[in-house]
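# Fold and contact review
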Amino acid sequence: MASLYNHYSDIRRVLQKVLVMFSIFILCASLFYLLAGCCNSLPLDIVDSIPVTQSPQLFYKTYGESFEKNVSNSTNGMVAPAPVITSLEGTRASGSENDNPGKDWTAMRRLPQALILGVKKGGTRALLEFLRLHPDIRALGSEPHFFDRHYARGMNWYRSMMPKALDGQIVMEKTPRYFVTAETPARIHSMSKDIKLIVVVRDPITRAISDYTQIISKTHDIPSFETLTFKNRTTGQIDSLWSPIWIGLYAQHLEKWLAYFSLSQIHFVHGERLISDPAGELGKVQDFLGLQRIITDKHFYFNKTKGFPCLKKPEGSSKPHCLGKTKGRTHPKIDTEVIKKLKDFYHPHNLKFYQMAGQDFGWQ
């Protein structure tokens with residue numbers, strides 16, 4: 001009888017242990033699912049792995065707010081995400097999940113496939129802002145200066161600066177200093193031999209005056225434009241090494257790029273036409289990038305106060321979008337004799353540039 005009692009006691013202890021282990025398992029499983037349920041806020045470190053079965057535009061409409069916020073915070077504000085334009089006709093994705101059946105859209109950081117190289121005060125900021133209307137372009141807002149100042153930080157650092165993009169979107173950035181920095185063509189070529197390069201050029205005299213206007217807005221009590229233009233005003237010798245003058249020697253700078261890239265990889269945007277006919281110039285850029293012409297004249301209006309084209313009211317905004325106060329500054333009046341000297345100086349350089357670029361920009 002005692003042995004039977006002991007036998008039942010053993011069975012009871014075993015059952016108690018099983019019950020405790022089962023309870024612990026249920027508790028752990030509940031905790032796991034509770035934690036898993038809290039991960040629906042799409043933290044940045046797992047966004048790369050999210051499979052997207054719908055179009056890029058629909059993906060951004062679904063995840064855009066938290067996605068863009070995390071991307072911006074992760075790069076200290078370096079990323080300027082392209083706005084989601086849902087009202088444009090003719091976009092690659094119409095919003096239907098069946099547009100690209102079976103295609104896996106995954107957001108990730110990639111090295112750029114296109115660069116806006118320059119030139120300073122040529123209209124690079126305007127071009128970038130206009131291009132960001134296109135849903136197939138993801139552009140970095142700030143100038144990273146990787147190939148001219150921060151090359152030692154390496155490609156992984158450079159890639160980390162790029163905005164996340166979906167398959168089929170073009171990643172790009174703009175740093176106007178690249179065009180005139182001797183080391184950049186070789187460095188960019190080592191990253192990508194097939195990259196597309198965009199250069200905004202403007203009458204070098206107007207560009208130089210605009211450059212000087214920016215300088216005096218930041219640094220006061222500097223000599224006049226006329227004084228800095230000449231090595232010796234008495235002899236009329238132009239100081240071609242003064243940065244505002246030197247940058248306008250486009251042929252000299254282009255030679256370095258043609259040593260690494262074919263002319264077919266370089267697209268020149270006419271700076272003056274970017275102001276007078278922004279849709280026409282943007283159409284050519286979209287063609288160059290292999291994109292559908294989505295940005296058209298219906299997106300622009302001319303602001304007479306600033307003297308520049310602005311974007312019409314984007315969807316969801318009550319105000320038009322114009323460039324900041326630093327754009328469209330009033331230029332100082334320059335002595336007509338100095339302008340004539342600069343025209344004579346730049347004339348042979350411009351002709352050589354027209355020949356190299358394969359087009360006449362009409363600067364007199």
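Everything numeric here is computed off the predicted structure, so don't read it as measured data. (Residues numbered from 1 in each chain as written. Predicted model: local features only at pLDDT ≥ 70, side-chain atom pairs only at ≥ 80, totals over all residues. Heavy atoms only, no water.)

## Points about the overall build of the chain
Looking only at helices and strands, the chain features 13 helices and eleven strands. Considering only residue pairs separated by 6 or more positions, the chain has 74% of its internal contacts joining residues 24 or more positions apart. Carbon and sulfur atoms provide 56% of the accessible area of the chain, an area that totals close to 19300 Å². (Helix = DSSP H or I, 4+ residues; strand = E, 2+ residues; numbered from the N terminus. Contact = heavy atoms within 4.5 Å. Areas by Shrake-Rupley, 256 points an atom, 1.4 Å probe, with all protein chains shown as cover.)

## With respect to helix α13 (residues 336–357)
In this model α13 runs 29 Å from its N-terminal to its C-terminal C-alpha over 22 residues, within 8% of the 32 Å that 1.5 Å per residue would give. Taking the largest bend as the criterion, α13 deviates by roughly 40 degrees, centred on Tyr346, and proline Pro348 comes between one and four positions later. Residues of α13 that are buried include every one of Val338, Ile339, Leu342, Phe345, Tyr346, Asn350, Phe353, Tyr354, Met356 and Ala357, and no others. One side-chain oxygen at the N-terminal end of α13 lies 2.7 Å from the backbone nitrogen of Glu337; it belongs to Asp335. (Expected span 1.5 Å × (residues − 1). Bend = angle between axes of the 7 residues up to and from the residue. Buried < 20%, exposed > 50% of the residue type's maximum accessible area, 1.4 Å probe, protein only. Polar contact = N/O pair within 3.5 Å; in protein donor to acceptor, adjacent residues only side chain to side chain.)

## Some details on the confidence of the model for the chain
With 69% of its residues at a pLDDT of 70 or more, the chain has an overall mean of 79. Confidence drops under a pLDDT of 50 for residues 37–99, and excluding neighbours within four residues, the segment shows 117 contacts in the predicted structure. (pLDDT = per-residue confidence, 0-100.)

## Here's the deal with the sheet that holds strand β6 (residues 196–201)
The five strands are arranged β3-β5-β2-β6-β9 in an open sheet whose pairing can be described as parallel. Looking along the sheet, the strands with just one partner apiece sit at the ends: β3 (137–139) and β9 (266–270). Across the sheet, the mean angle from the axis of one strand to that of its neighbour is 25 degrees, orientation sign disregarded. When β6 meets β9, the two strands line up parallel, connected through five bridges. Bridged to Ile198 within β9 is His267. (Pairing = 2+ DSSP bridges. Axes fitted to C-alpha atoms, helices over the stretch in contact; angles between N-to-C directions.)

## Here we look at the pairing of strand β2 (residues 114–118)
Residues in a regular strand project their side chains so that they alternate between the two faces of the sheet. Most of β2 sits inside the fold, with five of its five residues counted as buried. As paired elements, β2 and strand β5 (residues 170–174) share three bridges and run parallel to each other. Bridge pairing links Ala114 to Met172 in β5. Inspection of the sheet shows β2 paired to β6 by four bridges, in the parallel sense. By the bridge assignment for β6, Ala114 is matched with Lys196.

## Considering a nonpolar patch on the surface
A surface patch of nonpolar side chains, about 330 Å² in accessible area, is lined by Phe22, Phe25 and Ile26. Tracing the backbone through its elements, the reader meets Phe22 in helix α1 (residues 2–37). (Patch = residues over 30% accessible without salt bridge, like charges linked within 9 Å, V, L, I, M, F, W, Y side chains within 5 Å. Salt bridge = Lys/Arg side-chain N within 4 Å of Asp/Glu carboxyl O.)

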